[in-house]
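# Commentary on secondary and tertiary structure
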Amino acid sequence: MSIYTCKKCGKQYESNRLTDGYCDECSAEYRDKYHQVREYLWQHPGITASEIAKACDCNIGQVMKWVKEDRFMLSEDSRVSLYCEICGTKILSGIYCPSCRAEVEKREKDEAKNARIRQHTQNMHGTSTERSGHDDGQMRFLH
Ligand SMILES: [Zn+2]
Ligand SMILES: [Zn+2]
């Protein structure tokens, strides 16, 4: 159990799991709001973020955050503008356009692979003296 301070209402609350920074009440409210916003967006395609914020009584920053987090898509003709952070193409959700996103994911995967190779090389060196290194090497073959 750890004590956290709610980001929204400032109340102290206990939690034994990873929290998003809100107490139970606020996080329930947050989830409700998200569903309300998403619902509203479904029913009113083409609406702007500020209209959603007004209709659902939440702030526009939050709406944009959800869009950026890829929680939902804005419709094609929405006046909310999001642009790919890499090439500047207009996008509907997230931070990157589909092609840049694929590129970024590929690069991340390559980096993860390289890191694994590096680690594996270290494990190989450590095998003779370090048992844990050997175990890690074994684990890899199980996957
Ligand atoms: Zn709270
Ligand atoms: Zn792009």
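As a reminder, the structure under discussion sits directly above these lines.
Here's a quick rundown of the structure.

Conventions used here
Residues numbered from 1 in each chain as written. Chains lettered and ligands numbered in written order. Predicted model: local features only at pLDDT ≥ 70, side-chain atom pairs only at ≥ 80, totals over all residues. Core = buried A, V, L, I, M, F, W, Y, C linked by C-beta atoms within 7 Å. Buried ≥ 20, exposed ≤ 12 C-beta atoms within 10 Å, placed from the backbone. Helix = DSSP H or I, 4+ residues; strand = E, 2+ residues; numbered from the N terminus. Axes fitted to C-alpha atoms, helices over the stretch in contact; angles between N-to-C directions. Parallel < 35°, antiparallel > 145°, perpendicular 65-115°, else oblique. Left-handed = near helix turned anticlockwise from the far one by under 90°. Contact = placed C-beta atoms within 7 Å. Nonpolar A, V, L, I, M, F, W, Y, C, P; charged D, E, K, R; others polar.

In terms of nonpolar packing, the biggest core is built from 11 residues, these being Val37, Leu41, Ala49, Ile52, Cys56, Val63, Trp66, Val67, Leu82, Ile91 and Cys97. If you list the elements that add at least two residues to this core, you get α1 (24–43), α2 (49–56) and α3 (60–68).

Relative orientation of the contacting elements α2 and α3 amounts to 120°, with a least axis distance of 8 Å. Taken together, the axes of α2 and α3 are oblique relative to one another. The hand of the α2/α3 crossing is right-handed. For the pair formed by α2 and α3, the contact residues are Ala49, Ser50, Ile52 and Ala53 on the first element and Ile60, Val63 and Met64 on the second. Looking at the contact of α2 with α3 residue by residue, the classes come out as six nonpolar, one polar and no charged.

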